[in-house]
Amino acid sequence: MKISRRQFLFTAAASLGAAGIAAAAGKNDVDKLHEARYYKKLPQRKIECELCPRRCVIDDMERGYCGVRENHGGVYYSLVYGQVCSANIDPIEKKPLFHFLPGAKAFSIATVGCNVMCKFCQNWEISQANVDQVKSMELLPAQTAAIAKDRRCEVIAYTYTEPVVFTEYMYDCAVEGRKAGVRSVMISNGYINAQPMKDLCNVLDAVKIDLKAFNERFYRELVAGELKPVLDTLVLLKKQKMWTEIVYLVIPGQNDDPGELREMCTWIKNDLGPETPVHFSRFHPQYRLTNIPATPLEVLRKARRIGLECGLYYVYTGNVPGDEGESTYCPNCGAVVIKRFGFSVLSRALKDGRCVACGRAIAGVWS
Ligand code: SF4
């Protein structure tokens, strides 16, 4: 979800062109860096990063594809541990998570960096920036948790860019958050290897995955990634019993084929379960896809209909304030159990996680 300028607490924009391409951190700076997890040492001071499916092999004094992890003499470091380039307080509905503590405030933080390169990225100024060209402020995990608590945020959200690439920081913030009674949610592309994801499941409370298409061509050409590892992550999250919601940005002519949407929704129903919420979100032209128009409302509504026809219980339309697809309906009696407008919760007819009208359990984390 794009960062709102009005709710902005801190966003350091890339000072593009000001600094040029900076060299790797100097020897004296290494003491300040945080050693990365998930890598193995190779001969000649090379390393292989085992955090995401790219498995970058990195020479001494070089960085991986994501640009925020650097090899110094065969030891791999995170360049963004505790280096927050954006921090805001958002409603949890903006993530969007609709079945997780409705109305909660999420202290939302990001560092620079991403492990894919979506041509339609909403936050490309920080996700695709060079870490040396963005101003960040140091916020160590205990401080992050303390700010969230102080601002009465029930949740810390790792978001805006790709939290996979700052996994060490996310993990430690979540640990500190738990100590302070603040929960943690990861807003991610799901492009992560199994072991780091399993470890994160020990400290996270919910995950939102952007499923960007249901074919490898789209992932190759528009994302510079792969679909299969993302599906594997979704299945892993299911096995780990992690509360998970899916967002699918519908881009006209690129990933809106009804047959493919049907195939995807059927896969979600069979492999993840019909209780998995799916949000079909409206695309707006941006970054490198300015030649494609915004998603017509009818296309979005059709995607939602397809999801419901395939047997999914909770299918939403996103980025269309006022649409009936923003609210949650009881799959048994059809009553509105949570009425929303945009990111606001207008009313609830949910008691102890059950529909007030008929008593059916509504899947989610409600307290
Ligand atoms: S996390 Fe970064 S360095 Fe590691 S494999 Fe992925 S893109 Fe490469």
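Residues numbered from 1 in each chain as written. Predicted model: local features only at pLDDT ≥ 70, side-chain atom pairs only at ≥ 80, totals over all residues. Heavy atoms only, no water.

1. Section: the site of the ligand
Right, so step 1: Residues in close proximity to the ligand include Cys49, Leu51, Cys52, Arg54, Arg55, Cys56, Gly64, Tyr65, Cys66, Arg69, Tyr76 and Asn115, which together make up its full environment.
Right, so step 2: Counting atoms within 2 Å of the grid points, the majority share of the ligand lands in the second largest cavity.
Right, so step 3: Within the shell around the ligand, the residues separate by chemical class into seven nonpolar, two polar and three charged. (Near = heavy atom within 4 Å. 1 Å grid on protein atoms, 1.4 Å probe; cavity = no way out; pocket = protein on both sides within 12 Å on 5 of 7 lines; lining within 4 Å. Sits in = over half its atoms within 2 Å of the grid points. Nonpolar A, V, L, I, M, F, W, Y, C, P; charged D, E, K, R; others polar.)

2. Here's the deal with unusual backbone geometry
Right, so step 1: Lys95 connects to Pro96 through a cis peptide bond whose omega is -10°.
Right, so step 2: By the secondary structure assignment, Pro96 is in the loop between strand E9 (86–91) and strand E10 (105–110).
Right, so step 3: Of note in the backbone geometry, Arg152 takes a positive phi value of approximately 60° without being a glycine.
Right, so step 4: Its place among the elements puts Arg152 in the loop between helix H2 (141–150) and strand E12 (155–158).
Right, so step 5: For Arg152, a relative accessible area of 68% translates into the label exposed.
Right, so step 6: Positive phi is not limited to glycine here, since Tyr287 has a value of about 50°.
Right, so step 7: Mapped onto the fold, Tyr287 is located in the loop between strand E16 (278–282) and helix H8 (297–309). (Helix = DSSP H or I, 4+ residues; strand = E, 2+ residues; numbered from the N terminus. Buried < 20%, exposed > 50% of the residue type's maximum accessible area, 1.4 Å probe, protein only.)

3. Some thoughts on the pattern of salt bridges
Right, so step 1: The tally for this structure, following the rule as stated, stands at 19 salt bridges.
Right, so step 2: Linking Asp132 and Arg63 is a salt bridge whose minimum nitrogen-to-oxygen distance equals 2.9 Å. With Asp132 in the loop between helix H1 (124–127) and strand E11 (137–138) and Arg63 in the loop between strand E5 (57–58) and strand E6 (69–72), this residue pair connects regions lying 69 residues apart in the sequence.
Right, so step 3: A salt bridge links Glu176 to Lys179, with the nearest nitrogen and oxygen atoms 3.1 Å apart. (Salt bridge = Lys/Arg side-chain N within 4 Å of Asp/Glu carboxyl O.)

4. Some words on the sheet that holds strand E20 (residues 344–348)
Right, so step 1: With antiparallel pairing, the three strands of this open sheet are ordered in space as E18-E19-E20. Single-partner strands in this sheet number two, and they are strand E18 (328–329) and E20.
Right, so step 2: Bridging between E18 and strand E19 (residues 336–341) involves two bridges; their strand directions are antiparallel. Paired with Thr328 across the strands is Ile338, a residue of E19. (Pairing = 2+ DSSP bridges.)

5. With respect to the packing of aromatic side chains
Geometrically, a pair of aromatic rings is defined through the distance of the ring centres and the angle of the planes.
Right, so step 1: With the rule as written, the count across this model stands at nine aromatic pairs.
Right, so step 2: Their ring planes at 15° and their centres at 4.9 Å tell us that Trp124 and Tyr287 sit as a pair that is stacked. Of this pair, Trp124 sits in helix H1 while Tyr287 sits in the loop between E16 and H8, and the two are 163 residues apart along the sequence.
Right, so step 3: Of the residues examined, Trp124 reaches a relative accessible area of 31% and is grouped as partly exposed.
Right, so step 4: Between Phe214 and Trp267 the ring centres are 6.1 Å apart and the planes differ by 50°, which places this aromatic pair in the tilted class. Of the two residues, Phe214 sits in the loop between strand E14 (206–210) and helix H5 (216–223) while Trp267 sits in helix H7 (residues 258–272), which places them 53 residues apart along the sequence. (Phe/Tyr/Trp six-rings, centres within 6.5 Å; stacked < 30°, edge-to-face > 60°.)

By themselves, these figures tell us nothing about what the structure is for.
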